[in-house]
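# Summary of the model geometry
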Amino acid sequence: MKALKTLALALALLLALSACGVIRSGGGPTQAAGGSSPAEEPAPETAPESPEEAPPEAPALRVGALKGPTAMGLIRMIADGGVNRYTLAGSADELTPAFIKGDLDIICVPANLAAVLYNKTEGQTVTLAVNTLGVLYIVENGGESVQSMADLKGKTIAAAGKGSTPEFGLRYLLEQNGLDPDRDVAVDWKSEHAECVAALAAGTADIALLPQPFVTVAQGKLENLRVALDLTEEWDALDNGSAMITGVAVARRELVEERPELVDKFLMEYAESVEWVHENTTGAAELVAQNGIIESPAIAEKALPRCNIVCLTGQEMYEKLSGYLQVLAEAAPESVGGVLPRDDFYYGA
């Protein structure tokens, strides 16, 4: 009788626990009655993370470019945003210190400056692409006295870009045409090309060395301004096997060696951006104006086809750039930093 009572009591207890729906095994997870899969216990509520508290996402690449053709080729990448950060500057002096310090990963600068940086950083600079071919012109306001390089003798030229492509390109062409750049011509060096345009507008200069798009900008303000000489044509007329190159994109070697996938992705997007600019001039001109490179979309649209924007990489880059630097080095070794860069200066060549 006592055993029957004990059994009845145990059955009653089992039924009571089954009615509650769960059986808890000692120290283990909660199980559904009848051996079903474990039930999840509700997670403790936590306050959502505030956007202000989340650390900002680091840019994949920090890219600098000059306000001109080198930035115009990048314009779709700049407009699209993405994970890269872009800095636009009025002169190379604003970009090179940051590049040397490691605050910028890629910069678009004059071609000869790339060679100077290679020597200055002891080979830690690598050229990724030629991004701009010849864009330099001699312009004359209100006259027709300049018809050839020889006609520049005794003239004063307003110019910007001392120590880079404009200066060394001009000096080389003057010498090749029988003029002494230090005696026969006076150059009034400005800090930016916009200052040359201002000098022409103010009447303090009649002749200037200007690149596109500043030639088109100046012609929009000065109805009597004419292109007197196309320095690319003057260079080609020498028939020396080289081509005039204005700008290139260079990267820190550390980036190239440690993150080549980022470099290759950048170059692919750069080539696509340049192609888009050529095929969508009106849209590109709007973006150029929005980003403060040229103030007027209409002027930007006129200038873009004349800016010789390209994205040349690999062997094609090597052939054109090495030939150009060779000519500069023979004329003025200091223009390339004293000695020509070795082959490891050319990415993918």
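Described below are features of the structure shown in this document.

About the thresholds
- Residues numbered from 1 in each chain as written.
- Predicted model: local features only at pLDDT ≥ 70, side-chain atom pairs only at ≥ 80, totals over all residues.
- Heavy atoms only, no water.
- Patch = residues over 30% accessible without salt bridge, like charges linked within 9 Å, V, L, I, M, F, W, Y side chains within 5 Å.
- Areas by Shrake-Rupley, 256 points an atom, 1.4 Å probe, with all protein chains shown as cover.
- Salt bridge = Lys/Arg side-chain N within 4 Å of Asp/Glu carboxyl O.
- Lys, Arg positive; Asp, Glu negative; His and termini not counted.
- Charge placed at Lys NZ, Arg CZ, Asp CG, Glu CD.
- Helix = DSSP H or I, 4+ residues; strand = E, 2+ residues; numbered from the N terminus.
- Buried < 20%, exposed > 50% of the residue type's maximum accessible area, 1.4 Å probe, protein only.
- Arc of directions from axis to C-beta.
- Axes fitted to C-alpha atoms, helices over the stretch in contact; angles between N-to-C directions.
- Parallel < 35°, antiparallel > 145°, perpendicular 65-115°, else oblique.
- Contact = heavy atoms within 4.5 Å.
- Nonpolar A, V, L, I, M, F, W, Y, C, P; charged D, E, K, R; others polar.
- Pairing = 2+ DSSP bridges.

## A few points about a negative patch on the surface
- Residues Asp93, Glu94, Glu192 and Glu195 make up a contiguous surface patch of negative charge.
- Along the polypeptide, Glu192 turns up in the loop between strand S9 (186-190) and helix H7 (193-202).

## A word on H7
- Along H7, the residues that are buried comprise His193, Cys196, Val197, Ala199 and Leu200. Taken around the axis of H7, the buried residues stretch over an arc of 160°, which confines them to a single face.
- Gly203 occupies a position one or two residues after H7 and carries a positive phi of about 85°.

## Here's the deal with the packing of helix H11 (residues 260-279) against helix H12 (residues 281-290)
- Here H11 crosses H12 at 110°, and the two axes come no closer than 5 Å. If you check the angle between H11 and H12, you find them roughly perpendicular. Counting all contacts with H11, which are made through Trp276, Val277, His278 and Glu279, the residues of H12 involved are Thr281, Gly283, Ala284 and Leu287.
- A class-by-class count of the residues in the contact of H11 with H12 yields four nonpolar, three polar and one charged.

## Focus: the pattern of salt bridges
- By the definition in use, this model includes 14 salt bridges.
- A salt bridge links Lys190 to Asp188, with the shortest nitrogen-to-oxygen separation between them at 3.0 Å.
- A salt bridge links Glu269 to Lys265, with the shortest nitrogen-to-oxygen separation between them at 2.6 Å. Taken together, the residues span about one helical turn, with Glu269 and Lys265 both in helix H11 at a distance of four residues.

## Some words on the pairing of strand S5 (residues 106-110)
- Most of S5 is tucked away: five of the five residues are buried.
- Both strand S3 (residues 62-66) and S5 contribute to a ladder of three bridges, which runs parallel. Of the residues in S5, the one forming a bridge with Gly64 is Ile107.

## Points about the sheet that holds strand S6 (residues 125-133)
- Spatial ordering of the open sheet is given by S4-S3-S5-S12-S6-S13, a layout of six strands whose pairing is mixed. Only two strands of the sheet have a single partner each, and these edge strands are strand S4 (85-89) and strand S13 (309-312). Direction aside, the axes of adjacent strands within the sheet are offset by 25° on average.
- In this structure, S5 lies alongside strand S12 (residues 245-252), joined through five bridges in antiparallel fashion. Paired with Cys108 across the bridge in S12 is Ala249.
- Against the sheet, helix H5 (residues 111-120) engages S5, S6 and S12, with an angle of about 120° to S5.

The values reported here are purely geometric and, on their own, carry no functional implication.
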